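Listed below are the residues making up each chain.
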Amino acid sequence: MTVLRCFNTSLSISCAHRSGGGSTLLGYIGIDTIIEQMRKKTMKAGFDFNIMVVGNSGLGKSTLVNTLFKSQVSRRSAGWARDEKIPKTIEIKAVSHVLEEGGVKMKLTVVDTPGFGDQINNDNCWEPISKYINEQYEKFLKEEVNITRKKRIPDTRVHCCIYFITPTGHSLRSLDIEFMKRLSHSVNIIPVIAKSDTMTIEERLEFKQRVRKELEMGGIEVYPQKEFDEDMEDKSDNDKIREAMPFAVVGSDKEYQVNGKRVLGRKTAWGIVEVENPNHCEFAQLRDFLIRSHLQDLKEVTHNIHYETYRAKRLNENGGLHPITCNDTQESNL
Amino acid sequence: MSQADKMKQGQFTNPETPGYVGFANLPNQVHRKSVKKGFEFTLMVVGESGLGKSTLINSLFLTDLYPERVIPGAAEKIERTVQIEASTVEIEERGVKLRLTVVDTPGYGDAINSQDCFSTIISYIDDQFERYLHDESGLNRRHIVDNRVHCCFYFISPLGHGLKPLDVQFMKAIHNKVNVVPVIAKADTLTLRERERLKRRILDEIDEHGIKIYHLPDAESDEDEDFKEQTKILKASIPFAVVGSNQQIEAKGKKVRGRLYPWGVVEVENPEHNDFLKLRIMLITHMQDLQEVTQDLHYENFRSERLKRGGRLSSHGYILPLSPANGPEPEEMDKDMILQEKEAELRRMQEMITKMQAQMQKQGDGDGDGPNM
């Protein structure tokens, strides 16, 4: 059963339960059909999802995104050569695709950041990324503040930033801590351990514990943030996820035959690493978490919290923003 | 070999034959002396944290070189600069002693800004050359300790698509000072195809940037076929893609050193899994050559550069002018040196005089018993 959490939180209907007993209604009214109505509308309208991937080159970012969405959605597919040279400065490259599943259309935008952390001098390499994120907020804000607003403001804000941790087996790197410290307050950061088939199971557990401790010591709040848990149910769900994070993943776009089934995996001389096998790596957990249960929540937290923080800051400086009359009537891209 | 050749050989190796001189025994004498003296070898390992350098060194020499190791956390790494840590271990195998020094460089590549991280390492290498030069030019040359770095294993991350900018810059900075052997670390991250691709990419980039890595010498024409074949295989596998481990795992009924994954066991000493054995063979069979190249090429380069800056030979060795930033003026130093020389001469003359006096006394006493016998 897909848990469809309500987009507008002022309508506080708990969608996961059907209020069976306990209500004092004398007959069936049909209030609960609103869920079905909302679902139909959402399906027709489709939705946007913007995901950013950050990490050193070679950590398998593009492969992982392709594996997550089971399609060629990364910048690699848009014509970039596999063995491209490391760019001298950090670039921000956004590639969009429309995916459809079960009648639901999603416009997925993958924002890649080649060149991050690859230079000899990586001072302030997070600045172009921070600037990009804030620019998207600014764009949205300008639209919102308009006198004549569009029915649906095109949403290019980054809903989720997947940060790829190098699987050294020791601890986080200084760059990792600096980046996450600075950006965890403007975007949802989900750290993952890349190419985790480098580590044995014990090494992985130790490393994860170490990383969690270092994040705690640095005061870094990654998604799902503790302070935004709405109720006990949320909290217990999210606690389970927080215990298991950061997810140790392996990505692959190649299929092999294992025990009679076709699976995505990596074939080595000593065995096949199965991407979707929970005993091998935590890709399936990441996918379920990211797409199947928390996709909508990521968007909500971005809209209600990160964007609001940005907006409040902007409106407080320079005496606020002036609304502009919008001239172009660009429809949303769906 | 024909009968005639055999006879000829037999003629000179048999001590009973009339033509036998015996200098064919020289290599045995050299061998015996060097076995008694033992060998010294200094290996430097450079690479980012977490590439498995310590594990690989422990695996190579089947020892634990870092028993009390504490891995620093990320917060501590922010403040750290590159350190140089040298650990020495004496390994003995079948009567042959090896005094192995492993120079580790923790902190390399850890900082956000790694621009300065190799100056410490280069100074260390130069210092060892300087010390050797000083010892070599000194009066007492019997027990020169050779701490020069004979070989540097440079660890390349298997996660990237080739060399990083830091890798290129570092190797270019040291390829004229030390033998550089690039090694692909944690090779069990890669499938076979990825490994081949990465090796080719690295070799291309090494060519492109003009980096001079250590080249194995070709096998001599009089070596046996096996050795020639082995050398060919070794040369074709550079850079070596290695996996290190000292854990014993049970695999297919026998105990092997390896890493246990849910999907299989990576065996360290299995040549189909990684190039660990090749690296070890290369290091062991070419230890002598690595030392020679360090002596004949890198050290001589250093020495000629150093001496070009001027200097005089005196009984205290070469007087090398110090760099202008520190140290007294060359003339002042000369004066000091001259004074010291004169004093040393005086002392020597005095010693000679006392010796002569003692001799005269002895003669004076003659055959009789003297009071001081």
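Parameters at a glance
Residues numbered from 1 in each chain as written. Chains lettered and ligands numbered in written order. Predicted model: local features only at pLDDT ≥ 70, side-chain atom pairs only at ≥ 80, totals over all residues. Heavy atoms only, no water. UniProt positions renumbered as here; feature names shortened; annotations may be inferred. Helix = DSSP H or I, 4+ residues; strand = E, 2+ residues; numbered from the N terminus. Buried < 20%, exposed > 50% of the residue type's maximum accessible area, 1.4 Å probe, protein only. Contact = heavy atoms within 4.5 Å. Areas by Shrake-Rupley, 256 points an atom, 1.4 Å probe, with all protein chains shown as cover. Pairing = 2+ DSSP bridges. Axes fitted to C-alpha atoms, helices over the stretch in contact; angles between N-to-C directions. Right-handed = clockwise from strand over helix to strand, strands pointing away. Salt bridge = Lys/Arg side-chain N within 4 Å of Asp/Glu carboxyl O. Patch = residues over 30% accessible without salt bridge, like charges linked within 9 Å, V, L, I, M, F, W, Y side chains within 5 Å. Lys, Arg positive; Asp, Glu negative; His and termini not counted. Charge placed at Lys NZ, Arg CZ, Asp CG, Glu CD. Phe/Tyr/Trp six-rings, centres within 6.5 Å; stacked < 30°, edge-to-face > 60°. Lys NZ or Arg CZ within 6 Å of the ring centre and 35° of its normal. 1 Å grid on protein atoms, 1.4 Å probe; cavity = no way out; pocket = protein on both sides within 12 Å on 5 of 7 lines; lining within 4 Å. Points joined across faces, edges and corners; volume = space filled by probe spheres on them. Core = buried A, V, L, I, M, F, W, Y, C linked by side-chain atoms within 4.5 Å. Expected span 1.5 Å × (residues − 1). Arc of directions from axis to C-beta.

Chain B has the name Septin in an unreviewed UniProt entry, where Gasterosteus aculeatus aculeatus is given as its organism. According to UniProt, the comment filed for chain B under the heading Sequence similarities (unreviewed entry) is "Belongs to the TRAFAC class TrmE-Era-EngA-EngB-Septin-like GTPase superfamily. Septin GTPase family."

Under an unreviewed UniProt entry, chain A has the name Neuronal-specific septin-3 and belongs to Gasterosteus aculeatus aculeatus. Here chain A is described in UniProt, under the heading Sequence similarities (unreviewed entry), as follows: "Belongs to the TRAFAC class TrmE-Era-EngA-EngB-Septin-like GTPase superfamily. Septin GTPase family." Quoted verbatim from the Subcellular location (unreviewed entry) heading of the UniProt record, the comment on chain A is "Cytoplasm".

1. Some words on the overall build of chain B
Per the secondary structure count, chain B includes eleven helices and eleven strands. Relative to its full complement of 373 residues, chain B shows a buried share of 42%. For chain B, the share of sequence-separated contacts (at least 6 apart) that also reach a separation of at least 24 residues comes to 65%. Accessible surface, chain B as shown: approximately 22300 Å² in total, 51% of it carbon and sulfur.

2. Focus: the sheet that holds strand β9 (residues 271-274) of chain A
Residues and elements named next belong to chain A. What the three strands build is an open sheet, ordered β7-β8-β9; its pairing is antiparallel. Among the strands making up the open sheet, the edge pair consists of β7 (255-258) and β9. The sheet shows a mean angle of 65° between the axes of neighbouring strands, taken without regard to direction. In the sheet, β7 pairs with strand β8 (residues 261-268) via four bridges, with the strands oriented antiparallel. Residue pairing for β8: Gln257 is matched across the bridge by Arg262.

3. A few points about the pairing of strand β5 (residues 189-193) of chain A
Residues and elements named next belong to chain A. Counting buried residues in β5 gives five out of five residues, a clear majority hidden from the surface. Where the polypeptide runs from strand β4 (residues 160-165) across helix α4 (residues 174-183) and back to β5, its parallel neighbour, the crossover connection is right-handed. Bridging between β5 and strand β6 (residues 247-248) involves two bridges; their strand directions are parallel. Across the sheet, residue Ile193 finds its bridge partner in β6, namely Ala248.

4. Brief notes about the sheet that holds strand β2 (residues 85-93) of chain B
All names here are of chain B. Spatial ordering of the open sheet is given by β2-β3-β1-β4-β5-β6, a layout of six strands whose pairing is mixed. What marks the edges here is a single partner per strand, and that holds for β2 and β6 (240-241). Running over the sheet, helix α5 (residues 117-136) touches β1 (39-46), β2 and β3 (96-104) and is turned about 165° from β1.

5. Details of the pattern of salt bridges
The full count for this structure, using the stated rule, is 40 salt bridges over all chains. Ionic pairing is found between Glu205(B) and Arg201(B), a salt bridge with its closest N-O pair at 3.7 Å. Residue Glu205(B) and its partner Arg201(B) are both found in helix α7 (residues 192-208); the two are separated by four residues, about one turn of the helix. Each of the two residues, Glu205(B) as well as Arg201(B), counts as buried. Between Arg303(B) and Glu300(B) there is a salt bridge whose closest N-O contact spans 3.9 Å. A residue pair is termed a helical-turn pair when its members lie 3 or 4 positions apart in one helix, as Arg303(B) and Glu300(B) do in helix α10 (residues 287-308) at three residues. One network of salt bridges, in which partners are shared, links Lys70(A), Glu276(A), Arg287(A), Asp288(A) and Arg292(A).

6. Section: a negative patch on the surface
Together, Glu220(B), Asp222(B), Glu223(B), Asp224(B), Asp226(B) and Glu229(B) give the surface a local cluster of negative charge. Note on placement: Glu220(B) falls in the loop between α7 and α8 (225-236).

7. Notes on the packing of aromatic side chains
One pass over the structure, following the stated rule, counts 16 aromatic pairs over all chains. Between Tyr261(B) and Trp263(B), the ring centres sit 5.0 Å apart and the planes meet at 10°, which makes this aromatic pair stacked. Here the aromatic residues Tyr137(A), Phe140(A), Tyr307(A) and Tyr310(A) are joined through ring pairs into a cluster of three or more. The ring of Phe140(A) carries Arg157(A) above its face, with NZ or CZ at 3.6 Å from the centroid. Between Arg148(B) and the ring centre of Tyr132(B), over which it is positioned, the NZ or CZ distance is 3.6 Å.

8. Section: a positive patch on the surface
Among the surface-exposed residues, Lys254(A), Arg193(B), Arg197(B) and Arg200(B) lie close enough to one another that they form a single positively charged patch. With respect to the helices, strands and loops of the structure, Lys254(A) is situated in the loop between β6 and β7.

9. Here we look at empty space enclosed by the protein
Sizing a probe to match a water molecule and rolling it over the atoms shows the empty space that remains. Under the counting rule described, the total for this entry stands at four cavities of 30 Å³ or more. By volume, the largest cavity is sized at about 220 Å³. Taken together, 18 residues make up the lining of the largest cavity; nearest its centre are Gly117(A), Asn122(A), Arg173(A), Glu48(B) and Gly109(B). Of the voids in this model, the second largest cavity is the one considered here, and its volume is about 180 Å³.

10. Re the nonpolar core
Counting 153 residues, the largest nonpolar core has Phe179(A), Ile190(A) and Phe153(B) as the members making the most contacts within it. Sort the elements by how many residues they give to this core and α5(B) lands first, with nine residues. Apart from residues lying up to four places away in sequence, Phe153(B) is in contact with Leu43(B), Met44(B), Val45(B), Val46(B), Leu60(B), Val181(B), Val183(B), Leu279(B) and Leu283(B).

11. Observations concerning helix α6 (residues 232-244) of chain A
All names here are of chain A. Between its first and last C-alpha atoms α6 spans 19 Å; for 13 residues at 1.5 Å apiece the expected length is 18 Å, and the two agree. Those residues of α6 that sit buried are Asp234, Asn238, Ile241, Arg242 and Ala244. Angularly, the buried residues of α6 cover 160° about the axis, an arc narrow enough to put them on a single face. In α6, the exposed residues that point more than 90 degrees away from the buried face are Met232, Lys240 and Glu243. Contact partners of the buried residues in α6: α5 (201-217), β6 and α7 (283-293).

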